[in-house]
Amino acid sequence: MRKNSFFENLINLSDLFIIVLDEKGYITYTNESFQNSFGLLLEKILDIHITEFIPEDYQKKFLKYFERILKEGGLKEIEIPFLKKDGKVVWLEGDSKVIHFEGKVNVVNIFREKEEKPHLTDAVFENSVFPIAIVDKKLFFLKVNREFENLTSYKKEELEGKINLIDLVTETRKAQVYSFCLEQMQGNYENDRLQFRIFDKKREIKEVEMSLNYIPEEKKAIVFFKDLTETRRLEEQIIRSEKLSTLGEMIASIAHELNNPLSAVIGFSGLLLSEEVEGTKKEMIERIYNDAQRCHKIVGNLLSLVRGKTTEKKLVNLNQIIEKTIEIKEYDLKLDNIIIEKKLEPSLPSIEADWHQIQQVILNLINNAHFAIVNQGKGKKITIETKLKNSKVILKVADDGPGIPEKILPKIFEPFFTTKEDTKGAGLGLAIVKRIVEDHEGEINVESKVGEGTVFYIELPIKEVEKKEKKEITPPAGELRVKKRVLVVEDEPSVAQLFKYILKKHGCEVEIAKDGREAFEILKEKSFDFLISDVRMPGMDGKMLYKTIRDTRIFSPDSIILTSGDMLSDRTQEFIRASKIKFLPKPFKEEDLLKLIGELLKKEGK
């Protein structure tokens, strides 16, 4: 809007608030009186929609006003709440008129500050989109609206005059909520909103935000609530996902560091077992070998659990997934003196499933049983059973814990339903379990009786496939038929020595480089038949070495074997798939290495 300086000065002398809007409700001008009173500079609010300064629950009402103003050419006696820069609400009253200027529609609003706070009418109270309650000085409910009934699942007659606001608050937050309400009533407005959790009538937890306006002359307070339950659950899931991602990266690094020494322990103890060792020494070596393998399995299970993966269904054996999952929980269960009993059908047919998702299902059911037993102090055994029934694989997870009350049993698969207070659970576990089972064309059911325990039944379809004999490449026995020169690129000395020992044992000449840069310099001077390189190393790593070799053609990229202790790294797997390079996961056995060499030699016709 073009402003004449003379008339603008006159306008700015007025104590009234003048706000000019375009036909869509965007601010095009305000006078200085408005700017000074509300702490808003004109250049900061130009082209901002007027509803940005109106509380959310009154925005619809103002937009209806605005539609009538445009239709009728003006409107008298408008009342709207307006947000100041500090967040306080001030009520304005006045008139609005449509003025056509330079071919454009302008809505001129002339307001003044309303002296008295508007009365909370019954219509506004009942029709508010937010839960509202009126309480006395002792916080007993005097009156509640329909939205508050919906929030708490209580009827008006059950709340009004009978229940105290603090009765709904979770135990750990009662004192804080009471102190907040007391401070608000005494005029201490340091924090004018508080977030906490309440129990509804069904004992379900709701996350809420509350603000309280005390009316001294009436000795009562108007309490406004906002239901944050779903928003908070989603935020918690995002935070947990981020934490899990960070944890995954940490575990991947730890796994790489652990798998290097484990490679040496498993490799050298395996070599010793292949020699003629008898008696006590052989038993000791076997113990070292088996326990190192156990550590390797634990590391692998942790990696598979924390790595987020897209659904990848293939033929899997349910019993094997159960065994791997129990390995994760076994020690934790022993600490709480909980026995885990397995009744697994040995001839169970394969199912088509995503290994990691089915593992998540089993782990969640075990965790739920574990928590129930420990939390209630009832029960001591979890039973996992598999069997074949009506052309389906049946998984049964049972416990002798406290059981689930009949009234909440139908709700346990609902998203965000939880009986765990505060931060002990987000209520998404069984909802995710149900989704995974249904994604696998299966069914899940539950039976439970208080004091006797709970049983989950999962049915999964069997995948019928034709059995084909796989032609395995037999690893070379004894020494390799042709003497080969091998460059091993490995920054872990013990693993480098293991490679050297095995390869020399089979007739190869071996040279060691501690990183990719040193290996590249060696390749400039000497020739080798094939190269074995770790993926993760300081300086030039295995992937960069491969790319450099491929680009410079200093050595055949087809004669490279990469190895790594981070078996499940997405980036590593993607690189292996894209390059179609031979890969040896750590820890490895002698026969694993020889098998890869055999495949490589066969491919090259050597």
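## Overview of the overall build of the chain
Alright, step 1. The secondary structure content of the chain amounts to 19 helices and 22 strands.
Alright, step 2. Counting only residues that meet the buried cut, the chain has 44% of its 606 residues in that class.
Alright, step 3. Residue pairs in contact within the chain that sit at least 24 positions apart in sequence constitute 59% of those at least 6 positions apart.
Alright, step 4. Entry remark: accessible area of the chain is about 34,400 Å², with carbon and sulfur atoms responsible for 50%.

## Focus: the sheet that holds strand β10 (residues 220-227)
Alright, step 1. With antiparallel pairing, five strands are arranged side by side in an open sheet as β7-β6-β10-β9-β8. Two strands in the sheet have a free side with no partner beyond their single neighbour: β7 (141-144) and β8 (194-199). Direction aside, neighbouring strands of the sheet carry axes that sit 35° apart on average.
Alright, step 2. Judged from the eight bridges that link them, strand β9 (residues 205-215) and β10 form a sheet pairing that is antiparallel. Each residue of the ladder has a partner; that of S211, found in β10, is F224.
Alright, step 3. Sheet strands in contact with helix α9 (residues 174-185) are β6 (132-136), β8, β9 and β10, and its direction is about 20° off that of β9.

## Some remarks on the pattern of salt bridges
Alright, step 1. Taken as a whole and assessed by the stated rule, the structure comprises 24 salt bridges.
Alright, step 2. In this structure, K381 and E341 form a salt bridge, with 3.1 Å as the shortest nitrogen-oxygen distance. Here E341 lies in strand β12 (residues 339-344) and K381 lies in strand β14 (residues 381-389), a separation of 40 residues in the sequence.
Alright, step 3. Using a relative accessible area of 33% as the deciding quantity, one classes K381 as partly exposed.
Alright, step 4. Among the residues examined, E341 registers a relative accessible area of 27% and is labelled partly exposed.
Alright, step 5. Taken together, the shared-partner salt bridges connect E126, R146 and K156 into one network.

## Considerations on the packing of aromatic side chains
Alright, step 1. Summed over the entire model, instances satisfying the criterion amount to 12 aromatic pairs.
Alright, step 2. A ring pair is formed by F148 and F225, whose centres lie 5.2 Å apart and whose planes are at 55°; its orientation type is tilted. In this pair, F148 sits in helix α6 (residues 146-152) while F225 sits in strand β10, placing the two residues 77 residues apart along the sequence.
Alright, step 3. A relative accessible area of 0% places F148 in the buried class.

## Some thoughts on the nonpolar core
Alright, step 1. Counting residues in each nonpolar core, the largest one holds 37 residues, and the members touching the most others are L318, I362, I382, L395, I412, F456 and I458.
Alright, step 2. Mapped by element, the contributors of at least two residues to this core are α12 (318-335), β13 (351-354), α13 (355-376), β14, β15 (392-399), α14 (429-439), β16 (443-449) and β17 (453-461).
Alright, step 3. With seven residues, the single largest contributor to this core is α13.
Alright, step 4. One finds L139, V144, L194 and Y214 within the second-largest nonpolar core, a separate group that totals 28 residues.

## Some thoughts on the confidence of the model for the chain
Alright, step 1. The predicted model of the chain has a mean per-residue pLDDT of 83, with 84% of residues at 70 or higher.
Alright, step 2. Segment residues 421-427: pLDDT under 50, and 25 contacts once partners within four positions in sequence are set aside and those in other chains are kept.
Alright, step 3. Long-range and interchain partners of residues 466-479, a stretch whose pLDDT sits below 50, account for 13 contacts in this model, where long-range means more than four residues apart.

## Brief notes about helix α16 (residues 516-525)
Alright, step 1. By the burial criterion, the buried members of α16 are G516, A519, F520, I522 and L523. Angular distribution of buried residues about the axis of α16 spans 160°; they occupy a single face of the element. Turned more than 90 degrees off the buried face of α16, the exposed positions are R517 and E525.
Alright, step 2. Where α16 is buried, its residues meet β18 (485-489), β19 (509-513), β20 (530-534) and α17 (542-552).

## Some thoughts on the environment of F66
Alright, step 1. Structurally, the position occupied by F66 is in helix α4 (residues 56-72).
Alright, step 2. Between the C-alpha atoms of F66 and G25, which are 41 residues apart in sequence, the distance is 7.8 Å.
Alright, step 3. Among all residues touching F66, those that are not within four sequence positions of it are L21, D22, E23, K24, G25 and V107.

## Brief notes about a nonpolar patch on the surface
Alright, step 1. On the surface, a cluster of nonpolar side chains totalling about 280 Å² of accessible area is made up of M250, I254 and L258.
Alright, step 2. Along the polypeptide, I254 turns up in helix α10 (residues 229-273).

## As for unusual backbone geometry
Alright, step 1. Geometrically, the link from K586 to P587 is a cis peptide bond, its omega value of -10° lying close to zero.
Alright, step 2. Within the secondary structure, P587 is located in the loop between β22 (582-585) and α19 (590-604).
Alright, step 3. Located in the positive-phi region is E441, a residue other than glycine, with phi close to 60°.
Alright, step 4. Position of E441 among the secondary structure elements: in the loop between α14 and β16.

## Observations regarding the sheet that holds strand β5 (residues 104-113)
Alright, step 1. In space, the five strands of this open sheet follow the order β2-β1-β5-β4-β3, with antiparallel pairing throughout. Of all strands in the sheet, those bounded by a partner on one side alone are β2 (27-30) and β3 (74-83). Sheet twist, expressed as the average angle between the axes of neighbouring strands with direction ignored, equals 30°.
Alright, step 2. Inspection of the sheet shows strand β1 (residues 17-22) paired to β2 by three bridges, in the antiparallel sense. Among the inter-strand pairings, V20 is bridged to a residue of β2, identified as Y29.

## Side note on helix α15 (residues 493-505)
Alright, step 1. If you check α15, its first and last C-alpha atoms are 18 Å apart, about what 13 residues at 1.5 Å a residue would give, namely 18 Å.
Alright, step 2. Taken as a whole, α15 has its buried residues at V495, A496, L498, F499, I502 and L503. One side of α15 carries all its buried residues, which in axial view fall inside an arc of 155°. When the buried face of α15 is taken as reference, the exposed residues oriented beyond 90 degrees from it are P493 and K504.
Alright, step 3. Backbone geometry just downstream of α15 places G507 in the positive-phi region, at approximately 90°.

## Details of the packing of α16 against α17
Two measures define how a pair of helices packs: the angle their axes make with one another and the distance between the axes.
Alright, step 1. Where α16 contacts α17, the axes come no closer than 10 Å and their chain directions differ by 30°. Considered as vectors, α16 and α17 are oriented roughly parallel to each other. Considering the relative orientation of α16 and α17, their crossing is right-handed. On α17, the residues touching G516, A519, F520 and L523 of α16 are L545, T548, I549 and T552.
Alright, step 2. Here the contact of α16 with α17 is composed, by residue class, of five nonpolar, three polar and no charged.

Rules of the game
Residues numbered from 1 in each chain as written. Predicted model: local features only at pLDDT ≥ 70, side-chain atom pairs only at ≥ 80, totals over all residues. Heavy atoms only, no water. Helix = DSSP H or I, 4+ residues; strand = E, 2+ residues; numbered from the N terminus. Buried < 20%, exposed > 50% of the residue type's maximum accessible area, 1.4 Å probe, protein only. Contact = heavy atoms within 4.5 Å. Areas by Shrake-Rupley, 256 points an atom, 1.4 Å probe, with all protein chains shown as cover. Pairing = 2+ DSSP bridges. Axes fitted to C-alpha atoms, helices over the stretch in contact; angles between N-to-C directions. Salt bridge = Lys/Arg side-chain N within 4 Å of Asp/Glu carboxyl O. Phe/Tyr/Trp six-rings, centres within 6.5 Å; stacked < 30°, edge-to-face > 60°. Core = buried A, V, L, I, M, F, W, Y, C linked by side-chain atoms within 4.5 Å. pLDDT = per-residue confidence, 0-100. Arc of directions from axis to C-beta. Patch = residues over 30% accessible without salt bridge, like charges linked within 9 Å, V, L, I, M, F, W, Y side chains within 5 Å. Expected span 1.5 Å × (residues − 1). Parallel < 35°, antiparallel > 145°, perpendicular 65-115°, else oblique. Left-handed = near helix turned anticlockwise from the far one by under 90°. Nonpolar A, V, L, I, M, F, W, Y, C, P; charged D, E, K, R; others polar.

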